[in-house]
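Summary of structural features
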Amino acid sequence: MFKHRRVRVACVLLVGWVALTVVEWRVEQAPWRTAVVSGFLMACVVAGTWWFAEMTQGLSSRTRGKRRTVMPPADDRSGEGTGHVHPTGVPAGGVEGDTRH
């Protein structure tokens, strides 16, 4: 459920609206309608800040792991084709057909 950025921002907005409305109403002694409007405005600021923080972080750790390419293990026992991929995209055993050693 919280996999999508829109859902997380909407939850922050909703929870922030409720919490900030209660604070305005109870602590600040504001009338109910004023507390609802003020709570919503402050919750929009909080949710907007949350959205901006998520947007500037780039890819989340969940999606970053899914985009990594891993080679399937080879049948031979020579150690090549172990499935490890170097950050540059070259397999750990080298490139097939490469005679430079």
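Structural notes, computed from the coordinates. (Residues numbered from 1 in each chain as written. Predicted model: local features only at pLDDT ≥ 70, side-chain atom pairs only at ≥ 80, totals over all residues. Heavy atoms only, no water.)

Before going further, it helps to spend a moment on the pattern of salt bridges. A side chain of one charge can pair with a side chain of the opposite charge if their charged atoms are brought near each other. Taken as a whole, this structure holds 2 salt bridges when the rule is applied. One salt bridge connects arginine 5 with glutamate 54, and the closest N-O pair in it is separated by 3.4 Å. Residue arginine 5 is located in helix α1 (residues 5–26), and its partner glutamate 54 is located in helix α2 (residues 32–56); the two are separated by 49 residues in the primary sequence. Residues arginine 8 and glutamate 54 are paired through a salt bridge, measuring 2.9 Å at the closest nitrogen-oxygen approach. Placement of the pair is arginine 8 in helix α1 and glutamate 54 in helix α2, with a sequence separation of 46 residues. By sharing partners, the salt bridges in this structure join Arg5, Arg8 and Glu54 into a single network. (Salt bridge = Lys/Arg side-chain N within 4 Å of Asp/Glu carboxyl O. Helix = DSSP H or I, 4+ residues; strand = E, 2+ residues; numbered from the N terminus.)

Moving on: the environment of valine 36. Note that valine 36 resides in helix α2. For the pair formed by valine 36 and threonine 21, sequence separation is 15 residues and the distance between their alpha carbons is 5.2 Å. If sequence neighbours within four positions are ignored, valine 36 has contacts with Trp17 and Thr21. (Contact = heavy atoms within 4.5 Å.)

What follows deals with unusual backbone geometry. Of note in this structure, glutamine 29 is not a glycine but carries a positive phi near 60 degrees. Counting through the fold element by element, glutamine 29 comes out in the loop between α1 and α2. Looking at glutamine 29, the relative accessible area reads 62%, which means it is exposed. (Buried < 20%, exposed > 50% of the residue type's maximum accessible area, 1.4 Å probe, protein only.)

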